[in-house]
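Listed here are the chains, written in short residue letters.
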Amino acid sequence: MSGAAMTATRKRRVAWRLPPVWVRRCLIAPFVVLLALVWLPSSVWWGILVAGVVAWAFPGRLRLFRVIFMVGLYLLWDAMALVWMFGLWVASGFGWKVRSPRFQREHYKLAGVMLRSLFRAAKWILRLEIDISDFNVDEVAVGRPLIVVSRHAGPGDSFIIVESLITRFKREPAIVLKDTLQWDPAVDVLLNRVPTRFVAPRSARKKGAPSGALSVGKLAEGMDPEDALLIFPEGANATPKRRSKRIAALRSSGHNALADRAEAMPHVMPPHAGGVLAAMNARPDAAVMMVAHTGLEKLSTVRDVWRELPVDKKITLRGWTTLPEDIPHGRAAREEWLYDWWERIDDWIETQQPPVSEAAAKAATKASPGGAP
């Protein structure tokens, strides 16, 4: 890479680096609140409402109307959450007791209400169906902390799982997420007031900062019996490019057996075991739930979402819970156990794929390099 190209890459990285806390709290969050509740005229909000009604009432894709409605809704959703949390901050003694158990419960209650309202609107305008009938958290884990280990594919999967944990199972989730999610003001404020670890890439991590696995272990140590720790060991939404890079990294580090297993799992990325194992070591009394979901895999980029609008998707969640006495001991055995589960998740996703018609199969064969002319 030329010097100019390297300089441009560094500039892009700096431009997208997360701003300091004071910028996010004093500039970005107030800007969102003022934009949504003060500066935008009522005519704009009437237009957003009309766009939503038109998108829902008329057949066809009407992408632009759906986007206008969802962007306006999300802006208002963010602003209302920020106002609510400002009130909690004042009530806590201007932040004095904002991280006390009482106010943490209030923040989880807020999260449940906001996520539930967001999903209702998404189901209405995007025609989403969410099936969680096979996602029973407390089937065998009543009265004990829970480590929830989920695949990561498509936008909003973390929101869906968190909403289920809070509203359906009355759990208080501690969450491990990418630090860039703090660009969203409401997510930033809320999750920095409840147990959360934002994981930064190693290249962007401050000198002396704890590793991601160590942070996850510390988070797990603080869990109560009614809590749940949510972690995504793939680290990012699964895409073919990321999957190929992850497999290549396994081979370059000498983990050829794991790379071979990863290549045989087309629907998932090889998991990073460090955070999961750290959580299990920190809380040996916790049950572990493996979570698979399908329905959002094709929505990896903004272009994908635009192409698929209206989404018209059925999102299906499936969970399998293992009690601690059934989990093997030792790092190597647990890493194998994690890969065994990832293979099972991959197999389950395969069973959820829509059947391919004979005509589509023939077209795909002809289009492939080795296909018939």
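Look a little higher up for the structure.
Residues numbered from 1 in each chain as written. Predicted model: local features only at pLDDT ≥ 70, side-chain atom pairs only at ≥ 80, totals over all residues. Heavy atoms only, no water.

Novice: Account for the side chain of Glu 163, naming residues and giving values.
Specialist: Here Glu 163 shows up in helix H6 (residues 157-168). In this view, Glu 163 contacts Leu 115, Arg 116, Phe 119 and Arg 168; residues no more than four positions away in its chain are not counted. (Helix = DSSP H or I, 4+ residues; strand = E, 2+ residues; numbered from the N terminus. Contact = heavy atoms within 4.5 Å.)

Novice: Lay out unusual backbone geometry with the relevant residues and their values.
Specialist: Despite not being glycine, Phe 94 shows a phi value in the positive range, around 55°. Position of Phe 94 relative to the elements: it lies in the loop between helix H4 (63-91) and helix H5 (101-126). The phi dihedral of Lys 170 is positive, around 55°, even though this residue is not glycine. With respect to the secondary-structure elements, Lys 170 resides in the loop between H6 and strand S3 (172-178).

Novice: A description of the environment of Pro 270 should follow, citing residues and the corresponding values.
Specialist: Along the polypeptide, Pro 270 turns up in the loop between helix H10 (256-263) and helix H11 (273-282). Each C-alpha atom, one on Pro 270 and one on Arg 151, is 9.9 Å from the other, the two residues being 119 residues apart in sequence. Residue contacts for Pro 270: discarding those within four places in its chain leaves Arg 246, Ile 247, Leu 250, Ala 262 and Tyr 339.

Novice: Can you tell me about the sheet that holds strand S4 (residues 196-199), naming the residues and giving the values?
Specialist: Strand order in the open sheet made by the seven strands is S1-S7-S6-S2-S5-S3-S4, with mixed pairing throughout. Bordering the open sheet on either side are strand S1 (129-134) and S4, each of which pairs with just one other strand. Strand-to-strand twist of the sheet, defined as the mean angle between neighbouring strand axes without regard to direction, takes the value 20°. In the sheet, S3 pairs with S4 via four bridges, with the strands oriented parallel. When the sheet's bridge partners are listed, Leu 177 is paired in S4 with Phe 198. (Pairing = 2+ DSSP bridges. Axes fitted to C-alpha atoms, helices over the stretch in contact; angles between N-to-C directions.)

Novice: So, the pattern of salt bridges: which residues are in play, and what are the values?
Specialist: Opposite charge on two side chains makes pairing possible when the charged atoms of those side chains draw close. A complete count under the given rule lists ten salt bridges for this structure. Ionic pairing is found between Asp 131 and Lys 314, a salt bridge with its closest N-O pair at 4.0 Å. Residue Asp 131 is located in strand S1, and its partner Lys 314 is located in strand S7 (residues 314-322); the two are separated by 183 residues in the primary sequence. We classify Asp 131 as partly exposed; its relative accessible area is 22%. A single salt-bridge network, built from bridges that share partners, covers Arg 261, Glu 336, Asp 340 and Glu 343. (Salt bridge = Lys/Arg side-chain N within 4 Å of Asp/Glu carboxyl O. Buried < 20%, exposed > 50% of the residue type's maximum accessible area, 1.4 Å probe, protein only.)

As far as function goes, none of this settles anything; it's purely spatial.
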